[in-house]
Amino acid sequence: MCGIVAYVGNKDICPLLLEGLKRLEYRGYDSAGLCVGTKAGFYVKRAAGRISVLEAAIDDKMHGDKALVGNIGMAHTRWATHGPPTECNAHPHMDDQQRVALVHNGIIENFASLKQFLTEKGHHFSSETDTEVLAVLIGHFYQGDLAKAVQLALREVRGTYGLAAMAVSEPDTLVVARRGSPLIIGVGKDEYIVASDAAAIVEHTTQVVYLNDNEMAVIRPGGFKTMTTDDIPVTKAINEVEFSLQQIELGGYEHFMLKEIFEQPEAIANCLRGRVDLHEGRVVLGGIGAYSRDVVRARRIIITACGTAWHAGLVGEFLFEDLAKIPTEVEYASEFRYRNPIIEEGTMVLAISQSGETADTLAALREAKDRGALSLGIVNAVGSTIARETDAGIYLHVGPEIGVASTKAFCGQIVVESLLALSIARRKYMSQNVLNEFLQAIIKIPDQMRKVLEQSSSIRDVTAQYIHRENWLFLGRGYNYPVALEGALKLKEISYIHAEGLPAAEMKHGPIALINPGMPVVFVATRGSQYEKLLGNIQEVKARGGKIIAVASEGDDYIHRVADHVFTVPETIEPLQPLLTVLPLQLLAYHAAVLRNCNVDKPRNLAKSVTVE
Ligand code: G6P
């Protein structure tokens, strides 16, 4: 989704801003632009399409006062909401008097009434965006003090923003502010890099300040001041970003998604590190800390999330009910927040999010907190908004995820849910022996994942046979039912093939009508409590000419007789099977996208982190 990079310092600013934008490309966007303060005023350039188009449009032959060397500038990638992705709608937007420039993430909800007000005051507009309305509003209030004008404008605004603003007559000042859309200030040596995502900062510095909602900063070459948008000074702590530049580069892989699929053994080992004490036979979850008693006493769990994280939540529902014996519901965050949900005493809400910034998940979390729920975060991005707003939480520690299609975060989320369920279970009903058995199984997972990933080329060959089929079904039961949903989502997201994921038994209540000769149907068919029933479902598809692609347990000879293609996973206990069975489905989706020449890491219309409703 939209991205912001802004800079105050003395480096060559244009390449720096463009490089920063490229680091944010993975989040999804459809146009881009930048504004550099030069001696002769602002240089603003915008372009529809990729950053390379913007780069090509930039006139680097400018000399003298207009030379593109400045010590202040800002850039933006836009993901269209109000108005199509054209040059005119791209950011930065100037006010109608060309005094103030603005880049903005989020949505100005009352933009229509503000536009009417400003029009009546004689202002005019040249784009369809809500952002231009805010730029004009800031211009309307501007009387030589940009920070003041931003504050006055934000008082009138309903909605969300992460923004950066510059004024022609204050060439050494950058003003940034946030509400509901992340903004981070990187603090380097004699330089400041503001970005909506730490990925654009880490090559310059790992020291950062996270702005909270309703906070802003005024940044100048010599330093910066932070305050609320009501102008009350706030002192901010400087934090250390945990990941390195190397982690957000391709490292020899063709795509981030492939890199992240293959990183999973290591990522899961990192997620488990220090949390499984085999010697003492216990689970150690430092992030729960002071809340551990309340967590154990929880009488009901509500998991709220979106997309892949929601699928991980569905696995969590099995884990918390099966192991910890706590009634659990999984809610789409976008529905939960508007449904007048019932939160009784003893309700614990788990917000699951890779980015920690998903607008709906954040809103659902706030709704639950307002109603008195204990809130826990299962988040990957350290220091993200959800991580900071939950009472307690457990980080995934799987490293930054760049590919838009989430892979390693899904497995990390399941591992964390398992550990949480186990730590509750052990303090209630679970015997030490059962816990030990579980822990022995979980620490084997990274090596077992490696074995599954070795099948990548045969998965590619099978996928190639069905690559022209436009409809796929993914079916599973029990713990593997959410995996079927996730397999279908992966295929849709990056190869644009229509796929449906279902609990296998539901197929006969409608979707079976879709099956025609040659239709690929993927069964997650590992041995477990529902294996026999699943074999029945396979026969139902075969009888109608469907082609069976099975993900099955190693050593299961029978499945080879009924399935057209088989990918195997090593034996593990049933609750942990999703960590292995999802891998062939991730690879299947990846290979399908490559075979169809799709842009794997930047699929059309999608955003890595959806920070608008
Ligand atoms: C977007 C992404 C999905 C992701 C979902 C939730 O839709 O494209 O891959 O699963 O958001 O994101 P989160 O960061 O909250 O896990």
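Note that the structure is a prediction, hence the values are computed from the model and not measured.

Engineer: What is the right way to read the nonpolar core from this model?
Structural biologist: Buried together is how nonpolar side chains tend to be arranged in soluble globular proteins. Counting residues in each nonpolar core, the largest one holds 95 residues, and the members touching the most others are Leu376, Leu420, Trp472, Phe474 and Leu491. No other element matches the 12 residues that helix α13 (residues 408-426) contributes to this core. When residues of this core are assigned to domains, at least three fall in each of domain 2 (248-443) and domain 3 (450-600). Residue contacts for Phe474: discarding those within four places in its chain leaves Ala484, Gly487, Ala488, Leu491, Ala499, Glu500, Gly501, Leu502, Val522, Leu585 and Leu588. With 35 residues, the next largest nonpolar core counts Tyr26, Tyr43, Ala198 and Tyr210 among its residues.

Engineer: When you look at the sheet that holds strand β13 (residues 223-228) in this model, what are you seeing that I'm missing?
Structural biologist: The strands making up a sheet associate through hydrogen bonds between their backbones, and the pairing can be parallel or antiparallel. If you walk across this open sheet you meet the 6 strands as β5-β6-β7-β8-β12-β13, and the pairing is antiparallel. Because the sheet does not close on itself, it has two edges, and the strands there are β5 (93-94) and β13. Alignment of strand β6 (residues 100-105) against strand β7 (residues 161-167), held across 6 bridges, turns out to be antiparallel. For Ala101, the partnering residue across the bridge sits in β7 and is Met166. Those strands touched by helix α4 (residues 130-141) are β5, β6 and β7, and its axis lies near 140° from that of β6. Strand contacts of helix α5 (residues 146-155): β6, β7, β8 (170-179), β12 (215-220) and β13, with the helix running at about 145° to β7, the strand carrying the most contacts.

Engineer: What exactly am I supposed to notice about unusual backbone geometry here?
Structural biologist: A negative phi holds for most residues other than glycine; trans holds for most peptide bonds. At the junction of His91 and Pro92, the peptide bond is cis and its omega measures out at 0° in the coordinates. Structurally, Pro92 can be placed in the loop between β4 (72-78) and β5. The backbone of Gln98 shows a phi angle near 60°, a positive value even though the residue is not glycine. The backbone of Asp231 shows a phi angle near 75°, a positive value even though the residue is not glycine.

Engineer: Just to check I follow, could you spell out the pairing of β7 for this structure?
Structural biologist: Every regular strand shows the same layout, with side chains that alternate between the two sheet faces. Counting buried positions over the 7 residues of β7 gives 7, a clear majority of the element. On β7, burial covers both faces: Tyr161, Leu163, Ala165 and Ala167 on one face and Gly162, Ala164 and Met166 on the other are all buried. Sheet topology note: the β7/β8 ladder contains 6 bridges and is antiparallel. Its bridge partner lying in β8, Tyr161 is registered against Arg179. Where β7 hands over to β8, the hairpin turn is made up of 2 residues, counted between the paired strands.

Engineer: How should the side chain of Lys490 be read in this particular structure?
Structural biologist: Within the secondary structure, Lys490 sits in helix α16 (residues 481-495). A polar contact is formed between the side chain of Lys490 and the side chain of Glu493, at a distance of 3.3 Å. Leave out the neighbours within four places in its chain, and Lys490 touches Met257, Thr308, Ala405, Ser406, Thr407 and Ala589.

Engineer: Just to check I follow, could you spell out the sheet that holds strand β3 (residues 41-48) for this structure?
Structural biologist: Taken together, 8 strands build an open sheet; the order of strands is β3-β2-β4-β1-β10-β9-β11-β14 and the sheet is antiparallel. If you trace the sheet from one side to the other, it starts and ends with β3 and β14 (239-240), each paired once. Taken together, the 3 bridges between strand β9 (residues 184-187) and strand β11 (residues 207-210) define a ladder with antiparallel strand orientation. Bridging from a neighbouring strand, Gly186 pairs with Val208 of β11.

Engineer: Explanation requested: the packing of helix α9 (residues 307-322) against α13 in the structure shown.
Structural biologist: Packed helices, taken two at a time, are described by the angle between their axes plus the distance between the axes. Direction vectors running N to C along α9 and α13 enclose 25°, while the axes themselves pass 9 Å from each other. Relative to α13, the element α9 is oriented roughly parallel. Here α9 runs over α13; the crossing is right-handed. Contacts between α9 and α13 involve Thr308, Ala309, His311, Ala312, Gly313, Val315, Gly316, Leu319 and Phe320 from the former and Phe410, Gln413, Ile414, Glu417, Ser418, Leu420, Ala421 and Ile424 from the latter. Looking at the contact of α9 with α13 residue by residue, the classes come out as 10 nonpolar, 6 polar and 1 charged.

Engineer: How should I be thinking about empty space enclosed by the protein in this particular structure?
Structural biologist: One water molecule sets the probe size; rolling that probe over the atoms shows where empty space is left. This model, assessed by the stated rule, comprises 3 cavities of 30 Å³ or more. Estimated volume of the largest cavity: approximately 120 Å³. For the largest cavity, the lining is made up of 15 residues, of which Cys2, Trp79, Thr81, His104 and Gly106 are closest to its centre. Going through the elements one at a time, β6 and α4 are the ones with two or more residues in the lining of the largest cavity. Tallied by class, residues from the lining of the largest cavity come to 4 nonpolar, 9 polar and 2 charged. Size it by volume and the second largest cavity reaches roughly 100 Å³. Arg477, Asn480, Thr526, Gln530 and Glu574 are the residues nearest the centre of the second largest cavity, which is lined by 14 residues in total.

Engineer: Any chance you could explain the site of the ligand here in plain terms?
Structural biologist: In the neighbourhood of the ligand, 14 residues make up the surrounding shell, with Ser353, Gln354, Ser355, Thr358 and Ala607 lying closest. Here an oxygen atom of the ligand sits 2.9 Å away from a polar atom, N or O, in the main chain of Thr308. In the model, an oxygen atom of the ligand is placed 2.6 Å from a nitrogen or oxygen of the Ser353 side chain. When the ligand sits alone it has 390 Å² of accessible area, and the protein chains cover 90% of it. When atom positions are compared with the pocket grids, the ligand is found to occupy the largest pocket. Considering every element that reaches the shell around the ligand, the biggest residue donor is α9, with 3 residues.

Engineer: Could you clarify how one ought to interpret the domain arrangement of the protein in this entry?
Structural biologist: A common way to express how large an interface is: the accessible area buried when the components associate. Split by domain assignment, the protein resolves into domain 1 (3-241), domain 2 (248-443) and domain 3 (450-600). Between domain 2 and domain 3, the C-alpha centre-to-centre distance is 25 Å. Each partner contributes to the interface: domain 2 provides 30 residues, whereas domain 3 provides 26 residues. Summed over both sides, the interface between domain 2 and domain 3 buries roughly 2,500 Å², with carbon and sulfur atoms accounting for 76% of that surface. Contact with domain 3 buries area across many residues of domain 2, yet Met257, His311 and Phe318 alone supply 20% of it, more than any other trio. Where domain 2 packs against domain 3, one counts 0 salt bridges. Between the two partners, domain 2 and domain 3, sit 7 residue pairs in polar contact (both at pLDDT 80 or more). Secondary structure elements with two or more residues in the side of domain 2 that touches domain 3: α6 (256-262), α7 (264-272), α9, α13 and α14 (432-453). At 9 residues, the largest contribution of residues to the side of domain 2 that touches domain 3 is made by α9.

Engineer: What exactly am I supposed to notice about the packing of aromatic side chains here?
Structural biologist: Note on aromatic pairs: each is described by the distance of the centres and the angle between the planes. Summed over the entire model, instances satisfying the criterion amount to 6 aromatic pairs. Pairing Trp472 with Phe474 gives two aromatic rings, centres 6.3 Å apart and planes at 20°, and the pair type is stacked. Across the pair, exposure class does not vary: Trp472 and Phe474 are buried alike. Among the aromatic residues, those joined into a ring-pair cluster are Tyr466, Trp472 and Phe474. Sitting over the face of the ring of Phe125, Lys115 holds its NZ or CZ atom 5.2 Å from the ring centroid. Sitting over the ring of Tyr496, Arg604 keeps its end group 3.9 Å from the ring centre.

Thresholds applied
Residues numbered from 1 in each chain as written. Predicted model: local features only at pLDDT ≥ 70, side-chain atom pairs only at ≥ 80, totals over all residues. Heavy atoms only, no water. Core = buried A, V, L, I, M, F, W, Y, C linked by side-chain atoms within 4.5 Å. Buried < 20%, exposed > 50% of the residue type's maximum accessible area, 1.4 Å probe, protein only. Helix = DSSP H or I, 4+ residues; strand = E, 2+ residues; numbered from the N terminus. Domains from an automatic or database assignment. Contact = heavy atoms within 4.5 Å. Pairing = 2+ DSSP bridges. Axes fitted to C-alpha atoms, helices over the stretch in contact; angles between N-to-C directions. Polar contact = N/O pair within 3.5 Å; in protein donor to acceptor, adjacent residues only side chain to side chain. Parallel < 35°, antiparallel > 145°, perpendicular 65-115°, else oblique. Left-handed = near helix turned anticlockwise from the far one by under 90°. Nonpolar A, V, L, I, M, F, W, Y, C, P; charged D, E, K, R; others polar. 1 Å grid on protein atoms, 1.4 Å probe; cavity = no way out; pocket = protein on both sides within 12 Å on 5 of 7 lines; lining within 4 Å. Points joined across faces, edges and corners; volume = space filled by probe spheres on them. Near = heavy atom within 4 Å. Areas by Shrake-Rupley, 256 points an atom, 1.4 Å probe, with all protein chains shown as cover. Sits in = over half its atoms within 2 Å of the grid points. Buried area = accessible area lost by both parts, 1.4 Å probe. Salt bridge = Lys/Arg side-chain N within 4 Å of Asp/Glu carboxyl O. Phe/Tyr/Trp six-rings, centres within 6.5 Å; stacked < 30°, edge-to-face > 60°. Lys NZ or Arg CZ within 6 Å of the ring centre and 35° of its normal.

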